[in-house]
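Overview (structure and organization)
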Amino acid sequence: MADISEKKRKRREDGSQSKKNKVDFEEPQKTDKLPKTLAVKSVLKPQFAPPVIATTPGLDLSESIQFHPYTKAEKAVSKRRKNGPAPPSTEMLLHSQSHRSMDYTAREDRPLGMDLLKHYIGVLDPRTGELQMIEARKMVVRGVVRARSANEEAMAERNVRHNMREMKNELGEIFGTKKAKKAIRSVAENAITLKEGGKLGREELAIMDTLKDTTKDMATAEELQATIDGARPVPKGHYDAEDIQDVYIPAEIIGSEVLYAIPVQDWVEKVNSLEEVLVPSRFVANRVNRVAGNDDAIQRLKVMRYLSFVLIFWATTTEGKARGTRSIGQRDKLRELMAPAPEVVIENIRRKFSDGGKMRKQHIDLLMTHCCVFACMIDNFEVNTFDLREDLKLEQKQLNQYFLEIGARMKQSKSGGRIDHIAKLALPLQFPRVRQMRRK
């Protein structure tokens with residue numbers, strides 16, 4: 001019994017000791033406590049060398065890797081942001097080559113649509129409870145295997161094997177668009193390769209014979225240019241003539257019967273009696289007295305009278321309903337304004353420069369080039385274009401183009417304080433070349 005009571009006594013003592021230890025554990029330790037509230041003391045936005053919060057997805061980056069920072073100014077934002085501050089004004093990049101075979105690059109991580117998201121690092125003072133916030137850059141580190149330099153033998157072999165075109169095609173195959181790649185493959189498929197010795201094989205010869213049979217009836221470049229020249233809205237001319245006077249012949253351009261019917265006797269009488277010839281054309285009025293005193297006065301006066309009728313006809317036209325067209329005046333109005341022009345002359349002008357009472361672009365261009373040719377005939381093939389430009393109410397650039405269409409050359413000359421534009425018609429005629437459009 002003494003043993004049992006002894007055990008109970010010891011158990012009670014052990015229980016009391018255990019209870020006392022539990023109480024001692026729950027008592028708070030005498031250490032520094034954190035304050036219940038934190039106060040943000042300041043927010044720093046370092047412009048140079050800010051702290052970085054970096055992630056390394058898929059990489060086991062050693063702590064010994066050292067990075068070099070690079071910054072670049074971003075473009076200014078044209079519109080002011082309504083919500084929140086603007087993103088950083090500089091873009092930051094970290095790069096490292098300290099690894100033996102890897103290059104590491106850290107770029108800023110800006111998810112799409114989250115330009116205003118910012119990251120901060122907090123520094124807490126446990127005694128005062130003040131918290132200092134520092135703006136940081138969120139960056140993602142990527143790694144690539146460093147390219148190795150090729151040895152000299154490999155580069156020499158490449159230079160021998162590839163010429164400039166092959167290198168260009170190779171770049172096109174790698175970086176080109178689908179259209180560029182298709183064109184490169186088409187050239188490679190249709191290329192005719194020469195065998196050793198510079199000779200064609202049987203297949204290549206067969207292809208060349210087929211091409212020869214197919215293209216034998218095709219027009220040459222000279223024939224195509226001749227066809228284009230023939231379709232120009234210009235007066236009919238003898239472009240292979242040996243004298244400039246024989247290129248444009250008045251009887252063929254106007255018509256021998258119409259040219260014969262043009263009256264000029266009234267002009268001759270007024271010039272001989274020193275009377276003023278009144279015409280609604282500045283070009284004609286400034287030249288009629290000089291032309292009437294020449295040996296070939298009748299022929300040139302007829303051309304000048306026809307030009308005055310054409311200028312009157314153009315002045316009576318009005319803007320048409322369709323874009324780029326003009327409507328001609330009524331016959332009665334033309335007879336009144338073009339008097340004393342015979343009916344055959346009026347009908348000749350109407351049929352030549354209009355169709356169904358309308359002047360389309362082709363008729364307008366044809367009228368302008370006829371006026372340029374007539375002006376060259378009257379001024380001995382060297383014309384100061386100022387008066388004619390005022391009569392036709394054109395810009396100088398437009399009138400120059402019409403003179404170029406008939407084969408004339410344009411030059412400028414200074415007269416006092418004014419620059420005169422001179423059109424000279426001389427052999428060989430120089431017509432503007434038509435550009436061929438590139439195939440798409």
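Calculation criteria
Along each chain, residue indices are assigned from 1 in the same order as the chain's sequence is written. Only residues with pLDDT of 70 or above have their local features reported here, since the model is predicted, and side-chain atom pairs are shown and tallied only from 80 upward, although totals for entire chains, interfaces and linings are computed over all residues. Neither water nor hydrogens contribute to the side-chain values; these are computed over all heavy atoms in the structure. For helices the rule is a DSSP run of H or I covering at least 4 residues; for strands it is a run of E covering at least 2, with both sets numbered from the N terminus onward. Accessible area is worked out with a 1.4 Å probe on protein chains only. A residue is then buried under 20% of its type maximum, exposed over 50%, and partly exposed in between. In what follows, residue pairs with any heavy atoms lying within 4.5 Å of each other are defined as contacts. Residue burial considers only the protein chains on display, and all accessible areas are found by Shrake-Rupley using a 1.4 Å probe. Throughout this description, the term nonpolar core refers to a set of buried Ala, Val, Leu, Ile, Met, Phe, Trp, Tyr and Cys residues connected via side-chain atoms within 4.5 Å. Patches here are clusters of residues that have more than 30% relative accessible area and form no salt bridge, with a 9 Å joining cutoff for like charges and a 5 Å cutoff for nonpolar side chains (Val, Leu, Ile, Met, Phe, Trp, Tyr). The working definition used for a salt bridge is a side-chain nitrogen of Lys or Arg within 4 Å of a carboxyl oxygen of Asp or Glu. Counted charges follow a simple rule, with Lys and Arg positive, Asp and Glu negative, and His plus the chain ends left uncounted. In this description, the location of a charge corresponds to atom NZ of lysine, CZ of arginine, CG of aspartate or CD of glutamate. Think of it this way: a Phe, Tyr or Trp ring, Trp meaning its six-membered ring, pairs with another when their centres are within 6.5 Å, and the plane angle makes it stacked under 30 degrees, edge-to-face over 60, tilted otherwise. Angles run from 0 to 180 degrees between N-to-C directions of axes, and those axes are lines fitted to C-alpha atoms, restricted for helices to the stretch in contact. Roughly parallel refers to an angle under 35 degrees, roughly antiparallel to one over 145, roughly perpendicular to one between 65 and 115, and oblique to any angle outside these ranges. Left-handed describes a crossing in which the near helix is turned anticlockwise from the far one by less than a right angle; the clockwise case is right-handed. Each residue gets one of three labels, nonpolar for Ala, Val, Leu, Ile, Met, Phe, Trp, Tyr, Cys and Pro, charged for Asp, Glu, Lys and Arg, and polar for the others, Gly among them. In this description, strands pair whenever DSSP reports at least two bridges between them. The term polar contact refers here to a pair of N or O atoms within 3.5 Å; inside protein, the definition further demands a hydrogen-donor-capable atom paired with an acceptor-capable atom, and it admits residues adjacent in sequence only when both atoms are side-chain atoms.

What follows is about the overall build of the protein chain. Scanning the protein chain from N- to C-terminus turns up 17 helices and 13 strands. Buried positions account for 30% of the 440 residues belonging to the protein chain. For the protein chain, the proportion of contacts with a sequence separation of at least 24, taken over those separated by at least 6, is 62%. Counting only carbon and sulfur atoms, one obtains 52% of the accessible surface of the protein chain, whose full area is about 32300 Å².

What follows covers the nonpolar core. Membership of the largest hydrophobic core comes to 65 residues, with the highest contact counts inside it found for Tyr306 and Ile406. Those residues in contact with Ile406 that sit more than four places away from it in its chain are Val234, Tyr248, Thr369, Cys372, Val373, Cys376, Leu425, Leu429 and Phe431. Among the nonpolar cores identified, the runner-up in size contains eight residues, and Leu94, Met102, Tyr104 and Met139 belong to it.

Before going further, it helps to spend a moment on a negative patch on the surface. Together, Asp240, Glu242, Asp243 and Asp246 line one region of the surface with negative charge. Within the fold, Asp246 resides in the loop between helix H6 (221–230) and helix H7 (250–254). Taking the relative accessible area as the measure of exposure, Asp246 reaches 37% and is therefore partly exposed.

A separate point is the packing of aromatic side chains. As enumerated under the stated definition, the model contains two aromatic pairs in all. Ring plane angle 80 degrees and centroid distance 6.3 Å describe the contact between Tyr239 and Tyr248, whose orientation is recorded as edge-to-face. Residue class for Tyr239 comes out partly exposed when judged on its relative accessible area of 36%. An angle of 85 degrees between the planes, with centres 5.6 Å apart, marks the rings of Tyr306 and Phe374 as edge-to-face. Residue Tyr306 is found in helix H12 (residues 297–315), and its partner Phe374 is found in helix H15 (residues 361–378); the two are separated by 68 residues along the sequence.

This part is about the packing of H12 against helix H14 (residues 343–353). At a minimum axis separation of 11 Å, H12 and H14 run at an interaxial angle of 60 degrees. By the angle class used here, H12 and H14 are oblique. Crossing handedness for the pair H12 and H14: right-handed. Residues Tyr306, Phe309, Val310 and Phe313 of H12 form the contact with H14, whose own contacting residues are Val345, Asn348, Ile349, Arg350, Lys352 and Phe353. Partitioning the contact of H12 with H14 into residue classes produces seven nonpolar, one polar and two charged.

A word on the sheet that holds strand S9 (residues 326–327). Pairing in this open sheet of three strands is antiparallel, and the strands run S8-S9-S10 from one edge to the other. Pairing within the sheet leaves two strands with one partner each, and these edge strands are strand S8 (318–319) and strand S10 (358–359). Where S9 meets S10, two bridges bridge the pair, whose relative direction is antiparallel. Its bridge partner lying in S10, Ser327 is registered against Lys358.

All told, the structure shown has 18 salt bridges when counted by the stated rule. Here Lys118 and Glu135 are joined by a salt bridge, their closest N and O atoms 3.4 Å apart. Separated by 17 residues along the polypeptide, Lys118 in the loop between strand S5 (102–108) and strand S6 (119–125) and Glu135 in strand S7 (residues 130–145) bring together distant segments of the chain. Residue class for Glu135 comes out buried when judged on its relative accessible area of 12%. Between Arg335 and Glu343 there is a salt bridge, with its nearest N and O atoms 2.9 Å apart. The class of Arg335 is partly exposed, set by a relative accessible area of 34%. Residues joined in a network through salt bridges with shared partners are Arg282, Arg287, Arg290, Asp379 and Asp387.

What follows is about the sheet that holds strand S13 (residues 418–424). Spatial strand order, S11-S13-S12: three strands in an open sheet with antiparallel pairing. Either end of the sheet is taken by a strand with one partner, and the two such strands are strand S11 (382–384) and strand S12 (409–415). The average undirected angle you get between the axes of adjacent strands in this sheet is 30 degrees. Bridge count between S11 and S13: three bridges; the pairing is antiparallel. In the strand pairing of S13, Val383 is matched with Ala423.

For the rest of this paragraph, the subject is the environment of Gly237. Mapping Gly237 onto the fold places it in the loop between H6 and H7. Looking at Gly237, the relative accessible area reads 17%, which means it is buried. Between the C-alpha atom of Gly237 and that of Tyr248, which follows or precedes it by 11 residues, the distance is 4.9 Å. Setting aside chain neighbours within four positions, we find Gly237 in contact with Val247 and Tyr248.

Another aspect to go through is unusual backbone geometry. In this structure, the amide linkage connecting Ala339 to the following residue, Pro340, adopts the cis form with an omega of 10 degrees. Residue Pro428 follows Leu427 across a cis peptide bond; omega there is -5 degrees. Within the secondary structure layout, Pro428 lies in the segment after S13. The phi angle at Asn380 is positive, at roughly 55 degrees, despite the residue not being glycine. For Asn380, a relative accessible area of 51% gives the class exposed.

This part is about the side chain of Thr369. Within the secondary structure, Thr369 sits in helix H15. For Thr369, a relative accessible area of 1% corresponds to the buried category. Here the side chain of Thr369 touches Leu366 through a polar contact of 2.9 Å, landing on its backbone oxygen. Sequence-distant contacts of Thr369, defined by excluding residues within four places in its chain, comprise Pro233, Val234, Pro235, Tyr402, Glu405 and Ile406.

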